[in-house]
Amino acid sequence: MVNLTRIYTKTGDDGTTALGDMSRTSKLDKRLAAYADVDEANSSIGVAIAAGDLSDEIATLLVRIQNDLFDVGADLCTPLSEPGRDTAASLRVEDSYIEFLEEQCDWFNEGLEKLRGFILPGGTPGAAFLHQARPVPPPATAGR
């Protein structure tokens, strides 16, 4: 269990931030944009769950996906191991995560009619929030 006693560190004022192995990287690093996107997806799922009108089965699945997304963030913030460095305890996303999601997609799709057109977002508040998407802007560049 991780205990967070504060949400700021004051160690990133020089334009860098610490990764999971305590090495530092630029705040413009693409990996930071990647885990920001993971955090945003996790937040959107949380809003969909809070909005309600989802079946218990889907809400339970979404909570599992939220937990898996925390694992994705942990994986992204920990650099790949280098020879001589012990990162065996680092959490890594494995194929089983992807296989589980694919199985769930297949299972839920089995009961649906064949799609004959695009689906308009809506239905219930929870479903509408799950339809949300935004284009990912290009990463900021130094000197802007």
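Residues numbered from 1 in each chain as written. Predicted model: local features only at pLDDT ≥ 70, side-chain atom pairs only at ≥ 80, totals over all residues. Heavy atoms only, no water.

### Quick look at the environment of Asp 53
Looking at the element boundaries, Asp 53 is found in the loop between helix H1 (30–51) and helix H2 (56–76). A residue is classified by how much of its surface remains accessible, and Asp 53, at 57% relative accessible area, is exposed. Sequence separation of Asp 53 and Pro 125 is 72 residues, and the distance between their C-alpha atoms is 6.7 Å. Sequence-distant contacts of Asp 53, that is, excluding residues within four places in its chain, are made with Thr 124 and Pro 125. (Helix = DSSP H or I, 4+ residues; strand = E, 2+ residues; numbered from the N terminus. Buried < 20%, exposed > 50% of the residue type's maximum accessible area, 1.4 Å probe, protein only. Contact = heavy atoms within 4.5 Å.)

### Considerations on the pattern of salt bridges
By the definition in use, this model includes 2 salt bridges. Here Arg 64 and Asp 68 are joined by a salt bridge, their closest N and O atoms 3.7 Å apart. Of this pair, Arg 64 and Asp 68 both sit in helix H2, 4 residues apart, which is roughly one turn of that helix. Classification of Arg 64 as partly exposed rests on a relative accessible area of 40%. For Asp 68, a relative accessible area of 15% translates into the label buried. When the shortest N-O distance is used, the salt bridge between Arg 92 and Asp 75 registers 2.6 Å. Placement of Arg 92 in the loop between H2 and helix H3 (95–110) and of Asp 75 in helix H2 is noted, with a sequence separation of 17 residues between them. (Salt bridge = Lys/Arg side-chain N within 4 Å of Asp/Glu carboxyl O.)

### Here we look at the side chain of Asn 42
Structurally, Asn 42 can be placed in helix H1. On the accessibility criterion, Asn 42 (7% relative accessible area) is buried. If sequence neighbours within four positions are ignored, Asn 42 has contacts with Gln 66, Leu 69 and Phe 70.

### Quick look at the environment of Pro 79
Position of Pro 79 among the secondary structure elements: in the loop between H2 and H3. Here the alpha-carbon distance between Pro 79 and Ser 23, two residues 56 residues apart in the chain, equals 8.6 Å. Those residues in contact with Pro 79 that sit more than four places away from it in its chain are Leu 19, Asp 21, Ser 23, Arg 31 and Arg 92.

### Description of the packing of H2 against H3
Where H2 contacts H3, the axes come no closer than 12 Å and their chain directions differ by 160°. On the basis of their axis angle, the class for H2 and H3 is roughly antiparallel. The chirality of how H2 crosses H3 is left-handed. For the pair H2 and H3, the contacting residues are Glu 57, Ile 58, Leu 61, Arg 64, Ile 65, Asp 68 and Asp 71 in the first and Tyr 97, Phe 100, Leu 101, Gln 104, Trp 107 and Phe 108 in the second. In terms of residue class, the contact of H2 with H3 is built from 8 nonpolar, 1 polar and 4 charged. (Axes fitted to C-alpha atoms, helices over the stretch in contact; angles between N-to-C directions. Parallel < 35°, antiparallel > 145°, perpendicular 65-115°, else oblique. Left-handed = near helix turned anticlockwise from the far one by under 90°. Nonpolar A, V, L, I, M, F, W, Y, C, P; charged D, E, K, R; others polar.)

### Focus: the packing of aromatic side chains
Applying the stated criterion to the full structure yields 1 aromatic pair. For the pair Trp 107 and Phe 108, a centre-to-centre distance of 5.0 Å together with 90° between the ring planes defines the contact as edge-to-face. Under the relative-accessibility criterion, Phe 108 is labelled partly exposed at 23%. Seen from the ring of Phe 100, Arg 64 lies directly overhead, with NZ or CZ sitting 3.5 Å from the centre. (Phe/Tyr/Trp six-rings, centres within 6.5 Å; stacked < 30°, edge-to-face > 60°. Lys NZ or Arg CZ within 6 Å of the ring centre and 35° of its normal.)

Nothing here speaks to function; it is all geometry.
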